[in-house]
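Here are the chains, one letter per residue:
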Amino acid sequence: MLYTYNNVRVKASVYIGNFTWWTTDQQLLSAIRSVGVHDPVELKFAENRANGKSKGYAEVVLSSEASLGHILEQLPSKKVNGKKLDVRPANRQSLSFFEAIARKSKNLSPTCSVYI
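Residues numbered from 1 in each chain as written. Predicted model: local features only at pLDDT ≥ 70, side-chain atom pairs only at ≥ 80, totals over all residues. Heavy atoms only, no water.

Engineer: Which residues make up helix α1 (residues 25-34), and what values go with them?
Structural biologist: Looking at α1, one finds that the buried residues are Asp25, Leu28, Leu29, Ala31 and Ile32. Seen from one end, α1 has its buried residues packed into an arc of 160°, which puts them on one side. Taken from the residues just after α1, Gly36 is the one with a positive phi, measuring 90°. (Buried < 20%, exposed > 50% of the residue type's maximum accessible area, 1.4 Å probe, protein only. Helix = DSSP H or I, 4+ residues; strand = E, 2+ residues; numbered from the N terminus. Arc of directions from axis to C-beta.)

This is the structure:
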């Protein structure tokens with residue numbers, strides 16, 4: 001899911017992970033703002049194609065390099081829904097890391113069937 005907050009040219013982005021699938025954009029934005037970063041441009045949740053639930057990570061695009069550095073330093077100390085956030089620069093290696101975790105947790109999660 002894509003949320004756009006300003007019409008600002010993309011400058012820097014990070015991946016934020018290790019949050020629950022029910023975490024909202026407002027909860028992540030609140031955590032980001034709590035560390036003094038007020039210029040997020042976009043927030044894109046990685047979603048499971050089969051069920052539409054979050055994979056537990058998102059890409060956050062910021063409008064400045066200064067915000068990028070600040071978020072990488074300060075946000076990992078924050079918790080959302082009781083889970084400490086993992087924050088990494090947006091690159092292929094980080095994407096692969098979060099995708100591997102999402103695949104692993106998908107395989108470990110018990111399946112639930114509902115019969116009506």
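The discussion continues.
Engineer: Go over the nonpolar core with me, naming the residues and quoting the values.
Structural biologist: The biggest cluster of nonpolar side chains holds 21 residues, and the ones touching the most others in it are Ile16, Leu28, Leu75 and Leu85. Sorting the residues of this core by element identifies β2 (12-17), α1, β3 (40-47), β4 (54-62) and α2 (65-74) as the ones contributing at least two each. In terms of residue count, the dominant contributor to this core is α1 (four residues). (Core = buried A, V, L, I, M, F, W, Y, C linked by side-chain atoms within 4.5 Å.)

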